[in-house]
Amino acid sequence: MDRTTDNKLVIAISSRALFDLDASHQVFEEEGLQAYSDYQVEHEDEPLEPGEAFPLVQKMLRLNEMLGGETQVEVVLLSRNSADTGLRVFNSIEHFGLPISRAAFCGGESPWRYIRAFGCQLFLSNEADDVRHALECGVAAATLVSSRGGSSDKGQLRFAFDGDAVLFSDEAERIYKTEGLEAFTASEQAAAHTPLGGGPFKPFLAALHRLQQAFPPSEAPIRTALVTARSAPAHARVIRTLRAWNIRIDESIFLGGLNKTEFLRAYQADVFFDDQQTHCASAGPHVATGHVPHGVANA
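Residues numbered from 1 in each chain as written. Predicted model: local features only at pLDDT ≥ 70, side-chain atom pairs only at ≥ 80, totals over all residues. Heavy atoms only, no water.

Q: Explain the overall build of the protein to me, using residue names and the numbers behind them.
A: A count of helical and extended segments in the protein gives 12 helices and 10 strands. Its C-alpha atoms give the protein a radius of gyration of 20 Å, within 12% of the compact-globule value 19 Å for 299 residues. In terms of overall dimensions, the protein has C-alpha extents of about 65 × 45 × 35 Å along its principal axes. For the protein, buried positions account for 52% of its 299 residues. At a minimum sequence separation of 6, the contacts of the protein that also span at least 24 residues come to 74%. A total accessible area of about 13,600 Å² is found for the protein, and carbon and sulfur atoms account for 47% of it. Between the centroid of the 26 positive side chains of the protein and the centroid of its 40 negative side chains there is a distance of 10 Å. (Helix = DSSP H or I, 4+ residues; strand = E, 2+ residues; numbered from the N terminus. Rg over C-alpha atoms; globule rule 2.2 N^0.38 Å. Buried < 20%, exposed > 50% of the residue type's maximum accessible area, 1.4 Å probe, protein only. Contact = heavy atoms within 4.5 Å. Areas by Shrake-Rupley, 256 points an atom, 1.4 Å probe, with all protein chains shown as cover. Lys, Arg positive; Asp, Glu negative; His and termini not counted. Charge placed at Lys NZ, Arg CZ, Asp CG, Glu CD.)

Below is the structure:
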């Protein structure tokens with residue numbers, strides 16, 4: 001059966017991000033592959049507990065109900081398990097009633113190479129190397145680093161993004177890193193009317209924007225926010241860049257170096273994406289957080 005994923009929002013998720021596989025992974029680490037395989041087969045009828053990304057995936061799949069039942073959001077499972085050991089994962093998907101039908105079980109190999117074949121716009125994993133490979137292939141990707149899989153109680157799905165090296169290229173951040181704040185500010189003022197290049201999450205933001213277009217702004221089931229350390233006068237280039245892209249972002253928070261965590265909690269973010277390890281470490285205990293290993297901060 002040949003069905004296209006064109007014009008859908010397709011998200012790839014690793015099995016360890018979707019479900020809590022810590023116990024079985026410990027068996028693998030301590031006793032090896034065969035013991036791990038035996039453990040998974042022995043427990044395959046025991047549903048796994050939800051993992052860090054489970055609340056986000058659940059909310060994303062519910063968007064299809066809000067979109068009139070038409071499947072416009074799809075989640076694909078990518079796993080290093082074999083199909084045999086992965087049966088427990090699919091049994092758990094069925095147990096929780098998640099409408100996930102597509103998967104790649106790669107028998108110990110990295111599954112990132114199937115991301116483009118499935119037409120995915122986002123990849124979430126606990127494996128940093130897989131995430132880096134996905135980013136190199138031009139797909140938005142993040143390593144989940146938070147200590148909890150929290151989600152707001154709102155039916156609305158709330159995304160928060162850092163700016164430089166996430167939504168935008170790292171061209172401005174490189175100046176800040178190499179020449180300092182004064183040079184960065186002067187450069188951004190001089191280029192205030194020149195749009196920034198797109199970062200790895202620009203296509204994903206554009207895909208969210210397309211879904212938002214089906215609803216009036218006040219009723220949209222998706223809300224987006226830019227949460228950036230930038231401040232005036234460096235804000236102007238960001239605003240004009242989004243205008244040039246013709247992409248709506250619902251909230252823009254320019255913090256001028258303040259800690260992002262309290263603002264993310266006030267916004268009630270379901271997930272936050274940032275390239276800076278320090279920002280991720282601060283936000284992680286409170287908000288589901290994805291580290292984007294891209295740009296000069298991760299060189």
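Q: A description of the packing of helix α2 (residues 22-31) against helix α3 (residues 33-42) should follow, citing residues and the corresponding values.
A: Look at α2 against α3: their axes get within 7 Å of each other, and the N-to-C directions meet at 150°. Between α2 and α3, the angle is such that the two are roughly antiparallel. For the element pair α2 and α3, the recorded crossing hand is right-handed. Across the interface between the two elements, A23, S24, H25, V27, F28 and E31 from α2 touch L33, A35, Y36, Y39 and Q40 from α3. Its residues assigned to classes, the contact of α2 with α3 shows 7 nonpolar, 3 polar and 1 charged. (Axes fitted to C-alpha atoms, helices over the stretch in contact; angles between N-to-C directions. Parallel < 35°, antiparallel > 145°, perpendicular 65-115°, else oblique. Left-handed = near helix turned anticlockwise from the far one by under 90°. Nonpolar A, V, L, I, M, F, W, Y, C, P; charged D, E, K, R; others polar.)

Q: Outline a negative patch on the surface, listing residues and values.
A: There is a patch of like negative charges on the surface, built from D38, E42, D45 and E46. Relative to the assigned elements, D38 resides in helix α3. (Patch = residues over 30% accessible without salt bridge, like charges linked within 9 Å, V, L, I, M, F, W, Y side chains within 5 Å. Salt bridge = Lys/Arg side-chain N within 4 Å of Asp/Glu carboxyl O.)

Q: Tell me about the nonpolar core, and please be specific about residues and values.
A: By size, the foremost hydrophobic cluster in this structure holds 72 residues, and its most contacted members are L18, F159, F201 and F273. Residue assignment places this core across two domains, with domain 1 (9-144) and domain 2 (157-291) each supplying three or more. Counting residues in each nonpolar core, the second largest holds 11 residues, with A225, L264, A269 and F272 among its members. (Core = buried A, V, L, I, M, F, W, Y, C linked by side-chain atoms within 4.5 Å. Domains from an automatic or database assignment.)

Q: Lay out the pattern of salt bridges in plain terms, naming residues and giving numbers.
A: Oppositely charged side chains can pair when the atoms bearing their charge come close. For the coordinates displayed, the defined rule picks out 15 salt bridges. E188 is the partner of R237 in a salt bridge, and the nearest nitrogen-oxygen pair spans 2.8 Å. Of this pair, R237 sits in helix α10 (residues 235-245) while E188 sits in helix α8 (residues 181-190); the two residues are 49 residues apart in sequence, bridging distant segments of the chain. Residue E188 is classed as buried on the basis of its relative accessible area, which comes to 2%.

Q: Talk me through the pairing of strand β5 (residues 140-144); I want residue IDs and the actual numbers.
A: Within a regular beta strand, the side chains point alternately toward one face of the sheet and then the other, so they alternate between its two faces. With respect to burial, β5 is a largely interior element, 5 of its 5 residues being buried. Burial of β5 is two-sided: the residues A140, A142 and L144 facing one way and the residues A141 and T143 facing the other way are all buried. Judged from the 4 bridges that link them, strand β4 (residues 122-125) and β5 form a sheet pairing that is parallel. Within β5, the residue paired with L122 across the bridge is A140. (Pairing = 2+ DSSP bridges.)

Q: Which residues make up unusual backbone geometry, and what are the values?
A: For the peptide bond that leads from A232 to P233, omega is 10°, which places it in the cis range. Tracing the backbone shows P233 in the loop between β7 (222-228) and α10. Unlike most non-glycine residues, A165 shows phi in positive territory, near 75°. Take A165: it is sitting in the loop between β6 (157-161) and α7 (171-179). Positive phi, normally seen in glycine, also occurs at N246, with a value near 60°. Tracing the backbone through its elements, the reader meets N246 in the loop between α10 and β8 (251-254).

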